[in-house]
Amino acid sequence: MKSLLCIALSGAATSVGAQSPGTASSLPVVEIRAAANQPMAMGSADTFTGMVRITTPFAAQAPGRAGGATVKFEAGARTAWHTHPLGQTLIVTDGLGLVQQQGQPVLAMRVGDVVTIPANVRHWHGAGPHGAMTHVAIAEKQDGQSVAWQDKVSDQDYQTAWRSAGLQEFNAAQPPSPARSYPSSDTLTARQRAIPLIAAFTASSDMPQLDAALHQGLDAGLSISESKELLVQLYAYVGFPKSLNALGQLLKVVELRQQQGIQDTPGAEPSHTVATGPDLVAAGRRNQTEISGGPVQGAVFDFAPVINQFLQAHLFGDIFERDNLDWQSRELATVGALAATPGAQAQLRSHMLASLRVGLRPSQLQELTQELALRGQTASSDRANAALTQALATAMKGTQ
């Protein structure tokens, strides 16, 4: 006996086959939107704490009223308190997360878990303290609204929550894993201020200034591992010779500081092995799309497609998948290097926009330009200022 499913499928096929071409063309059709073609946005600092990336947004066609997106929370990142008029469903696809209803114990959610949040229940959710978490979020609209945002979850409440969930001890100032969650601030930290200077002096081969900037970074808490990672990444932007020379200078600085009895933090190595083959290309394409705000296209890539293959597999794959350096630091380094490179204005504008996408604020990027000027890098500062102005104008158009 045929199953009901087989009968239904057979009937559907017969019915569709019987339609005239004119009638069939007016019927709704199944559509697939490739993930690489979906927009990416950063979670607003008003409604999220830490770095949150929102991708593959979707909305049901009428009469449906469900919508949602894939949301990636970096370690320690979370939503503000909020409610949904018709409830919400979360499906965890990667990592360890937390969800809490007001007045109830916090719950851990893991890969494959389906979380059902009732209508009008005040709650928050986000990543655990040691690593990223990704979930698909689905909610229906009532009178055009699917969410009501409220106050943010304080650091103290978050720490109390994960402790009550039985998770490991976590030091918010120095996460034991390479977290990419960032405090809400309008200014660069001392560590962040050193990064674009290191990159700029690497790009300009100014060894005395680079020496001073490396000392500045280590004094400000930049680990040896992070310093090395910065200089390794820069070969993709300024070339192997300058990167190798800068690494040699870092080695001298570290040895000198050791002789002086200074104990710099060694830092962490990447927490996982970087993928290879097709998985590496796929990871690199995802990273490139997130950082660029959409699929990278253009006449140059059509003319020489292999260059984008190298960008995806190596720069955004091999390098950006190494999580011993956060993306904000990587973008600060890239902007510093490109600002010190005459003729790279187009790339500098792109990376100013990328810096905004990974959560750096305009005031922080303005501070970067001022740091360059204070170190006598007037031309670099001017190029960075112009690129920032253009990037902000582009970003403003995108929100209108």
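Keep in mind the model is a prediction, meaning the values are calculated, not measured.

Some points on the sheet that holds strand S10 (residues 114-117)
Spatial strand order, S1-S3-S4-S12-S7-S10: six strands in an open sheet with antiparallel pairing. The strands lining the two open edges of the sheet, one partner per strand, are strand S1 (40-42) and S10. The average undirected angle you get between the axes of adjacent strands in this sheet is 25 degrees.

Observations concerning the packing of aromatic side chains
One pass over the full model with this rule turns up six aromatic pairs. Where Trp 124 meets Tyr 158, the ring centres are 6.0 Å apart and the plane angle is 55 degrees; that geometry is what we call tilted. With Trp 124 in strand S11 (residues 123-127) and Tyr 158 in helix H3 (residues 155-164), this pair connects stretches of sequence that are 34 residues apart. The exposure classification of Trp 124 matches that of Tyr 158, with both residues buried. Look at Phe 320 and Trp 327: their rings are 6.0 Å apart centre to centre, the planes differ by 70 degrees, and that puts the pair in the edge-to-face class. Neither Phe 320 nor Trp 327 differs from the other in exposure class; each is buried. Three or more aromatic residues link up through ring pairs in this structure, and these residues are Phe 48, Phe 73 and Trp 149. Of note, Arg 78 hangs over the ring of Tyr 158, and the distance from its end group to the ring centre comes to 4.6 Å.

A closer look at the nonpolar core
Ile 198, Leu 234, Phe 320, Met 352 and Leu 372 are the most contacted members of the largest nonpolar core, which has 54 residues in total. Counting residues in each nonpolar core, the second largest holds 14 residues, with Val 52, Phe 73, Leu 90 and Val 115 among its members.

Cut-offs applied
All residue numbers refer to positions counted from 1 along the written sequence of the respective chain. Two thresholds apply to this predicted model, a pLDDT of at least 70 for residue-level local features and 80 or more for giving and counting side-chain atom pairs, whereas whole-chain, interface and lining totals are computed over all residues. Hydrogens and waters are ignored; side-chain quantities use all the structure's heavy atoms. Here, any two strands with at least 2 DSSP bridges between them count as paired. Think of it this way: any DSSP run of H or I at least four residues long counts as a helix, any run of E at least two long counts as a strand, and we number them from the N terminus. Angular values range over 0 to 180 degrees, each being the angle between N-to-C directions of two axes fitted as lines to C-alpha atoms, with helices fitted over their stretch in contact. Two aromatic rings, drawn from Phe, Tyr or Trp (for Trp, its six-membered ring), form a pair once their centres lie within 6.5 Å of each other, and the interplanar angle then sorts them: stacked below 30 degrees, edge-to-face above 60, tilted otherwise. Residue exposure (1.4 Å probe, protein chains only): buried if accessible area is under 20% of the type maximum, exposed if over 50%, otherwise partly exposed. A ring is scored as having a charge over it whenever the NZ atom of a lysine or the CZ atom of an arginine sits within 6 Å of its centre and within 35 degrees of its normal. Throughout, nonpolar core names a set of buried Ala, Val, Leu, Ile, Met, Phe, Trp, Tyr and Cys residues whose side chains join them through atoms within 4.5 Å.

The analysis is restricted to geometry; functional conclusions fall outside its scope.
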